[in-house]
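Chain residues, written in single-letter form:
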Amino acid sequence: MSTAHVVLTIRQQRALCSQLGHVKLKLLYKASIHGFTGAAFHQQCDFQGPTVSVGYNATGHIFGGYTSKPFNQSGQYVPDDRAFLFTFKGEALLKYQVINSNQAVKMIANSGPYFGESLVLVNGSQAVVYSNPGNHYNFPPAEMHGNNLQLTDCEVYQVEGDKELEKPWRSIVWESEKRNELMNSIKTYKPINSSVPQARILLVGPVGAGKSSFFNSINSVFRGHVTSQAIAGCAGTSLTTQFRTYTVKAGREGKPLPIILCDTMGLEESTGAGLDVDDIGNILKGHIPDCYQFNPSAALHPEAHGYRSSPGLKDRIHCVVFIIDACKVSIMPTKLEEKLAAVHRRANFIGVPQLVLLTKVDEACPVVAEDLTNVYKSRYIREMAQEASTRLGVPLSCVVPVKNYCEELELDQKCDILLFSAVIQMLRFADNYFDDINDRSSSKKDIDVV
C-alpha cells in the first residue's frame, strides 16, 4: 500500500476522544506504511504515550486499546488503571475496562500493542491478532473482532491535549461580506502581464490528497452548488491519468475566470508509479498539452506527438500548489517526500513560486470538525502546517489550510472563505512570477542598451 489512509471516521475519533477528555489524535504508526513488525511499531511509538491502538480486519471490525503509559521494549508488564479495550459497532464505541490493572500492558519487542494477555496487535511481527479474553480484559470475541484474527491494517495514535490557542495564529474574517469580497477579487483579477489572459496554477500532490477535489470545490462555489467535474475519489492509485487544464466559470453560463487549474497524476511512493517527476519540468515550461496521457515509467520526449516546442508565457505554469493531506503529514513516506522535494527543486530552478494547501483539516482535528472557524485556533493544525513547511522547504506563510467539498450537498460559507483565501494567495504568487519575468526582461534590455 503506497499511501496512508486514516480509516477512523470523525465520529469514531470523537467517540474515542470523548472517553479521554478534550484531546486530539495524532497518527504515529500505520502498519501498511511502516511494516507489520514489532521493530517498526516500537521505532514509531516508543515513549510517545498515551496512545490509542487500532486494528482493522477484512470483516470490517475496528477494535483496539488505550493505554496512558508509553510503550517500550523492557519485556515487563506495566500497570495502568486507565487502560481499556474497545470495538466499534457502527459509529458507537463499546468499551471493555481493564480487569487486572497491574498487568494492563506488556512491553514486548517482537510485537505491536500488547494489552495484558488478552489482545495483541501485530502479534509476533505478523499481520495477525492474538485474542484471549478473561483475566486481564474480558470481551466477547465475536463482538470485538468477529473471530477474524487476520489484520488488514494497524494504527497507533498519540493522544494529546487539544486546547485551542488563546489567540488565532492567523487572522481571518468569517462574515458573508468577506466571502463576497474574496469572490469578487477573484472574478476581477487580471494578470499584470498583458500577454497572459489567465494565471495557470499547477496542482501537485500524493494520490488521494485532494487535487481534483480542490478544483471541484472551487468550481462548486462559483457555480453556486456542489458539483464534481474532475474525477475524484479515494482509490489507492491515481484516478487522474492525464494532464488536465480546468477553467472555472462564474456561474453555469458565465464567462471564464482569469485562472486555470492544472491537474496532474498523483505522486506515488513506488518507483515507476504515479507522476514521473521528469514530466514536471515539461509541465512548468508549458511543453505538455492538455489531455496528455501520463506514462509513469517514462517522461514526455520532445519528439512525441503534441509536444509544444515553443510555448509562450501564457502556456507556462505561473504558480505550483502542493496539495497535502493534513492527516498524513506526520507519516509521509521518505520516498514520497523525496519526490515532492524534487518537484520543489525543479520549480525553484525555473523560478516558479510555490504554495502548500493543507487539505482535510476537519478530518485531522476534531476541534476543527466541530467548527471550521477553529482552524486557526487549533494547535494541531498549526503543528501540521509547520511540519509541512519543514518537509517541503517552504515558509510557514506559504502553507494554507482548506477544506474541500467531499460529502456535502450544500455550500458552506466558512468552507468557501478558506477556499477563496487559498485562490487569492495563488493569484498573488502568480503576480510575483510575472513581476520576476518583467524585472528580468527589463534588466536584459538595460544590458542590451549598455
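Data block above holds the structure.
Residues numbered from 1 in each chain as written. Predicted model: local features only at pLDDT ≥ 70, side-chain atom pairs only at ≥ 80, totals over all residues. Heavy atoms only, no water.

Hey, could you run me through the sheet that holds strand β10 (residues 129-131) in this one?
The strand order β8-β9-β10 describes an open sheet built from 3 strands, whose pairing is antiparallel. The open sheet is flanked by β8 (114-115) and β10, the only strands paired with a single partner. (Pairing = 2+ DSSP bridges. Helix = DSSP H or I, 4+ residues; strand = E, 2+ residues; numbered from the N terminus.)

Would you mind showing me how to read the packing of aromatic side chains here?
Remark: the centre distance and the inter-plane angle together describe each pair of aromatic rings, the angle taken between the planes. With the rule as written, the count across this model stands at 11 aromatic pairs. Note on F115 and Y137: the rings are 6.3 Å apart at their centroids and 85° apart in plane angle, and the pair reads as edge-to-face. Separated by 22 residues along the polypeptide, F115 in strand β8 and Y137 in the loop between β10 and α4 (141-145) bring together distant segments of the chain. Like F115, the residue Y137 is buried in the burial classification. Aromatic pair W169 and Y376: ring centres 4.9 Å apart, planes at 75°, arrangement edge-to-face. Within this pair, whereas W169 is found in the loop between β11 (151-161) and α5 (176-187), its partner Y376 is found in the loop between α10 (366-370) and α11 (379-392), the two being separated by 207 residues in sequence. Its relative accessible area of 14% is what places W169 among the buried residues. Within the aromatic cluster, the residues linked to one another by ring pairs are Y66, F84, F86 and F88. Between the NZ or CZ atom of K95 and the centre of the ring of F84, over which it lies, the distance is 4.6 Å. (Phe/Tyr/Trp six-rings, centres within 6.5 Å; stacked < 30°, edge-to-face > 60°. Buried < 20%, exposed > 50% of the residue type's maximum accessible area, 1.4 Å probe, protein only. Lys NZ or Arg CZ within 6 Å of the ring centre and 35° of its normal.)

I tried to follow the side chain of D362 on my own but got confused; where do I start?
Looking at where D362 falls in the secondary structure, it is placed in helix α9 (residues 361-364). The exposure class assigned to D362 is buried, which follows from its relative accessible area of 15%. With near-sequence residues (within four places) excluded, D362 lies in contact with I10, V368, A369 and K403. (Contact = heavy atoms within 4.5 Å.)

Sorry if this is basic, but what is going on with the packing of helix α7 (residues 277-285) against helix α8 (residues 334-350) here?
Helix-helix packing is described using two parameters, namely the angle between the two axes and the distance between the axes. Between α7 and α8, whose axes approach to 10 Å, the crossing angle comes to 30°. Overall, the two elements α7 and α8 adopt an arrangement that is roughly parallel. Handedness of the crossing formed by α7 with α8: right-handed. Each of V277, D278, I280, G281, L284 and K285 in α7 lies in contact with α8, whose residues at this interface are K339, A342, V343, R346, A347 and I350. (Axes fitted to C-alpha atoms, helices over the stretch in contact; angles between N-to-C directions. Parallel < 35°, antiparallel > 145°, perpendicular 65-115°, else oblique. Left-handed = near helix turned anticlockwise from the far one by under 90°.)

Where do I start with the pattern of salt bridges in this structure?
Oppositely charged side chains are able to pair whenever their charged atoms sit close together. A full pass over the atoms with the stated rule returns 15 salt bridges. Between D153 and K30 there is a salt bridge, and its shortest N-O distance comes to 2.9 Å. You can see D153 sitting in strand β11 and its partner K30 sitting in strand β1 (residues 23-30), a full 123 residues away along the chain. One salt-bridge network, in which partners are shared between bridges, spans K24, E160 and E383. (Salt bridge = Lys/Arg side-chain N within 4 Å of Asp/Glu carboxyl O.)

Would you take a moment to explain the pairing of strand β13 (residues 242-249) for this structure?
One face of the sheet, then the other: side chains in a regular strand alternate in exactly this way. Summarising the sheet, β13 and strand β14 (residues 256-263) pair through 5 bridges and their orientation is antiparallel. Counted as the bridge partner of Y246 is L261 from β14. A loop of 6 residues connects β13 with β14, the two strands running antiparallel in sequence, and G251 in this loop sits at a positive phi of about 95°.

Could you clarify how one ought to interpret the sheet that holds strand β2 (residues 51-57) in this entry?
Sheets are built from strands paired through backbone hydrogen bonds, the pairs being either parallel or antiparallel. Strand order in the open sheet formed by 6 strands is β1-β11-β2-β3-β5-β6, and the pairing between neighbours is antiparallel. Since the sheet does not close on itself, it has two edges, and those belong to β1 and β6 (92-97), each with one partner. Within this sheet the neighbouring strands show an average axis-to-axis angle of 25°, counted without direction. Relative to β11, β2 is paired through 7 bridges, and the arrangement is antiparallel. Bridge pairing in β11 links G55 to C154. Sheet contacts for helix α3 (residues 38-45): β1 and β11; angle to β1, the most-contacted strand, approximately 145°. The sheet contacts of α11 involve β1 and β11, and relative to β1 the element is tilted by about 35°.

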